[in-house]
Number of protein chains: 2
Amino acid sequence: MLVTLCGGVGAAKFLQGLVAVVDPPSVTAIVNTGDDLVLHGLMISPDLDTVTYTLAGINNTETGWGIVGETWRTMERLGQLGGASWFSLGDLDLATHLFRTELRRGGATLTAATAALTAALDVPVRLLPVTDDPIATKVTVADGRVLDFQEYFVKHRHALPVTAVHVEGLDVAHPGPQVLKVLGEARGIIIAPSNPVVSLGPLLGVAGVTEAVIARRDHTVAISPIVGGAAIKGPAADMLQALDGSSSVVTIAERYRTLASTLVIDTADAHLAGAVGEAGMVPVVTNTIMETPAAAADLARAVLAVLP
Amino acid sequence: MLVTLCGGVGAAKFLQGLVAVVDPPSVTAIVNTGDDLVLHGLMISPDLDTVTYTLAGINNTETGWGIVGETWRTMERLGQLGGASWFSLGDLDLATHLFRTELRRGGATLTAATAALTAALDVPVRLLPVTDDPIATKVTVADGRVLDFQEYFVKHRHALPVTAVHVEGLDVAHPGPQVLKVLGEARGIIIAPSNPVVSLGPLLGVAGVTEAVIARRDHTVAISPIVGGAAIKGPAADMLQALDGSSSVVTIAERYRTLASTLVIDTADAHLAGAVGEAGMVPVVTNTIMETPAAAADLARAVLAVLP
């Protein structure tokens, strides 16, 4: 059994590659929930949904988020009414949130609601929210305001300089019922190329998760989300610059060296392989840019080759 | 100022007629909220919405409910997921519920959320929910089950025999902030041709409302929802049969005689005018079937002619 620690888009692409080269039911994805929000009364889990839609083969590859063939009837009307429409909820996507919210209001945990949703969409991989307890990533921006993550990320298009990130609820959140067990039993653990601060940070901050990964360090491989000092997508590089003072694969190695023995870096960063080694991780150099499902599958093969 | 006590479709049609013959801003509609429900986390107010959509001119006259030009993308997908789709929420209609729920979660009362929605839809009539407190109509059916109103009405298509109706929360519900004031100040009060048991019953059960209407009995006119022993729409006749033992305009007179001085009945019931008089209400015989907006306007004129 392989476990992948996941944020959103980068993790989803990697998982798509992974299930192309291993038996999908042997894969478990532990997914960040720090981005989750309640909007219009609906319980929305952006990272879980991105992974779900991608593995269900219904993700929108043009936009990079949401569902293929999506329409926007409800949002357009909501905008006309003067309602908050900055967080776009497509008509098909809304069904996911209605489904999840109804189950959760009926007493189901997020883990159970996720299992029901992935079953309905024939997702062959087990998805585990890292916690069933509410956690909420908050971003402090340069002018001192503390924003909800999606407010920062979507409403302000992650364009505001970040000075701090913290996660509300982490101090009392318990890991999901199977999370520590699968980390302990996995043949290998893969840290997906997701934002280390706001995607994997909250996930790793849930009680016991970091310790469980550290205990499996020799079986854990991380994939750098940073290529040539920049992020493929999103604000990871800017955040690392602001919080760690640098944003190279070496910065990633410094963050992950206690968790994982190996760091997969892109060929563009081959010249930093030595520095990654000095920072305490075994560097593996390959193409990490998943422009196609085939490239994602190649990356998955490279990762599998490293696992003991 | 004219006040109409309202349920859903019958009231909405009457109001449409009324605003055709009087200045719309002089009309206030006090609307039942006993049918309200929370579904998928969304706060839904079916009677308020029916009145709103009708007065906004966007009601669907083919189905008799919902919005013209409605589509069902979200519901279709929700059905595919295996979610609860018995209560059909169209894509445009969903925007109403997202809008209301977001406002209410932000602290707005139902009265304030209703004002915002009707303003956004250019509804020229003031709509007042009878209460801002949660009340919930429950229907006991012949096999002893107690159903939520919409479960009985929509899921079971009001086909189950009803043995009792009660309204949860009525004992602690306060009237909306302007409800008693407008009842006291109205030039006339009109009891719309709505279901007396499950639409007007909950409304009249809110503390002080019945007393406020009784105090204005000489200025109050009721329109019978029963024509020829049957309801134009919905289960009113069956319910009256079950609970009152009969379902004629005389049954209506017996329910309303302490509230209103006059009962408008249909020409089909002209032969019962004497019995209505004996039951304690002044009968007015006219066409009450609002097949067209013109017929609704005629009915409104007949009602206005009776008011002092």
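Residues numbered from 1 in each chain as written. Chains lettered and ligands numbered in written order. Predicted model: local features only at pLDDT ≥ 70, side-chain atom pairs only at ≥ 80, totals over all residues.

We now examine the overall build of chain A. Looking only at helices and strands, chain A features 13 helices and 14 strands. Computed over the C-alpha atoms, the radius of gyration of chain A is 18 Å, within 12% of the 19 Å expected from 2.2 N^0.38 for a compact globule of 308 residues. On the principal axes, the C-alpha backbone points of chain A span a range of 55 × 45 × 40 Å. Considering chain A as a whole, with its 308 residues, one finds that 53% of them fall into the buried category. Of all intrachain contacts in chain A linking residues separated by at least 6 positions in sequence, the fraction that spans at least 24 positions is 67%. (Helix = DSSP H or I, 4+ residues; strand = E, 2+ residues; numbered from the N terminus. Rg over C-alpha atoms; globule rule 2.2 N^0.38 Å. Buried ≥ 20, exposed ≤ 12 C-beta atoms within 10 Å, placed from the backbone. Contact = placed C-beta atoms within 7 Å.)

A few words on the packing of helix α1 (residues 9-21) of chain A against helix α2 (residues 46-55) of chain A. Residues and elements named next belong to chain A. Direction vectors running N to C along α1 and α2 enclose 30 degrees, while the axes themselves pass 9 Å from each other. Taken together, α1 and α2 sit at an angle that is classed as roughly parallel. When you trace α1 past α2, the crossing you get is right-handed. On α2, the residues that touch Val9, Ala11, Ala12, Lys13, Leu15, Gln16 and Val19 of α1 are Thr50, Val51, Thr54 and Leu55. Considering only residue class, the contact of α1 with α2 consists of seven nonpolar, three polar and one charged. (Axes fitted to C-alpha atoms, helices over the stretch in contact; angles between N-to-C directions. Parallel < 35°, antiparallel > 145°, perpendicular 65-115°, else oblique. Left-handed = near helix turned anticlockwise from the far one by under 90°. Nonpolar A, V, L, I, M, F, W, Y, C, P; charged D, E, K, R; others polar.)

Here we take up the pairing of strand β9 (residues 188-191) of chain B. All names here are of chain B. Bridge analysis of strand β1 (residues 2-6) against β9 gives four bridges, and the strand direction is parallel. Pairing of Val3 across the sheet is with Ile189, part of β9. The pairing of β9 with strand β10 (residues 220-223) spans three bridges and is parallel. Among the inter-strand pairings, Ile189 is bridged to a residue of β10, identified as Thr220. (Pairing = 2+ DSSP bridges.)

All names here are of chain B. Across the sheet, which stays open at both edges, the three strands sit in the order β7-β6-β8 with antiparallel pairing between neighbours. Pairing within the sheet leaves two strands with one partner each, and these edge strands are β7 (146-148) and β8 (162-168). When the angles between neighbouring strand axes are averaged without regard to direction, this sheet yields 30 degrees. In this sheet, β7 lies alongside strand β6 (residues 136-141) in antiparallel orientation, the contact comprising three bridges. By the bridge assignment for β7, Val139 is matched with Leu147.

We now examine the relation of the copies chain A and chain B. Aligned on chain B, chain A shows an RMSD of 0.0 Å; the corresponding rotation is 180 degrees and the shift along the axis is 0.0 Å. Expressed as a symmetry operation, the mapping of one chain copy onto the other fits a two-fold axis. Across chain A, the smallest distance between a C-alpha and the rotation axis is recorded for A:Gly41, namely 2.5 Å. An overlap of 100% is found between the interface residues of chain A and their copies at the interface of chain B, pointing to a shared contact surface. (Least-squares fit on C-alpha atoms with pLDDT ≥ 70 in both.)

A common way to report how large an interface is uses the accessible area buried once the components associate. In this assembly, 24 residues from chain A lie in contact with 24 residues from chain B. Of all the elements in the fold, those that place two or more residues in the side of chain A that touches chain B are β4 (42-44), α3 (73-81), α4 (91-105) and α5 (110-120) of chain A. Broken down by class, the residue content of the side of chain A that touches chain B amounts to 12 nonpolar, seven polar and five charged.

With that settled, the discussion passes to the environment of A:His219. Residues and elements named next belong to chain A. Structurally, His219 is set in the loop between α9 (209-214) and β10 (220-223). Separated by 42 residues in the primary sequence, His219 and Ser261 have C-alpha atoms spaced 7.3 Å apart. For His219, the contacting residues outside a window of four places in its chain are Ala186, Gly188, Ile189, Leu307 and Pro308.

Right, let's talk about helix α11 (residues 249-256) of chain A for a bit. Residues and elements named next belong to chain A. The buried fraction of α11 is high, at seven of eight residues. Those residues of α11 that fall on the buried side of the exposure criterion are Val249, Val250, Thr251, Ile252, Ala253, Arg255 and Tyr256. In this structure, the buried side of α11 is in contact with β9 (188-191), β10, β11 (226-227), α10 (236-244), β13 (262-266) and α12 (273-278).

So, on to unusual backbone geometry. Phi angles above zero are rare outside glycine, and A:His40 is one such case at about 55 degrees. Phi at B:Asp122 is positive, roughly 55 degrees, even though this residue is not glycine. Secondary-structure assignment places B:Asp122 in the loop between α5 (110-120) and β5 (126-129).

Residues and elements named next belong to chain B. Along the chain, Thr114 turns up in helix α5. Residue Thr114 is classed as buried on the basis of its C-beta count, with 27 C-beta atoms lying within 10 Å. Residues in contact with Thr114, not counting those within four places in the same chain, are Leu48, Leu127 and Pro129.

Within chain A, residue pLDDT values average 96, and 100% of them lie at 70 or more. Quick note on the complex model: pTM equals 0.94, ipTM equals 0.92. (pLDDT = per-residue confidence, 0-100.)

With that settled, the discussion passes to the sheet that holds strand β8 (residues 162-168) of chain A. Residues and elements named next belong to chain A. Here three strands make up an open sheet; going across it, the order is β7-β6-β8 and the pairing antiparallel. Because the sheet does not close on itself, it has two edges, and the strands there are β7 (146-148) and β8. Strand-to-strand twist across the sheet, computed as the mean angle between neighbouring axes with direction ignored, equals 30 degrees.

Here we take up helix α10 (residues 236-244) of chain B. Residues and elements named next belong to chain B. Looking only at α10, the buried set comprises Ala236, Ala237, Met239 and Leu240. Along the long axis of α10, the arc covered by the buried residues comes to 160 degrees, so they all point the same way. Buried positions along α10 lie against β8, β11 (226-227), β12 (230-231) and α11 (249-256). Positive phi shows up at Gly245, right after α10, with a value of about 85 degrees. (Arc of directions from axis to C-beta.)

Next up on the list: the environment of B:Thr28. Tracing the chain through its elements places B:Thr28 in strand β2 (residues 27-31). Ignoring sequence-local partners within four residues, the contact set of B:Thr28 consists of B:Met1, B:Val3, B:Arg126, B:Leu128 and B:Val182.

Take the pairing of strand β14 (residues 282-286) of chain B next. Residue and element names in this part refer to chain B. Alignment of strand β13 (residues 262-266) against β14, held across five bridges, turns out to be parallel. Bridging from a neighbouring strand, Val264 pairs with Val284 of β14. Following the chain from β13 across helix α12 (residues 273-278) to the adjacent parallel β14, one finds a crossover that is right-handed. (Right-handed = clockwise from strand over helix to strand, strands pointing away.)

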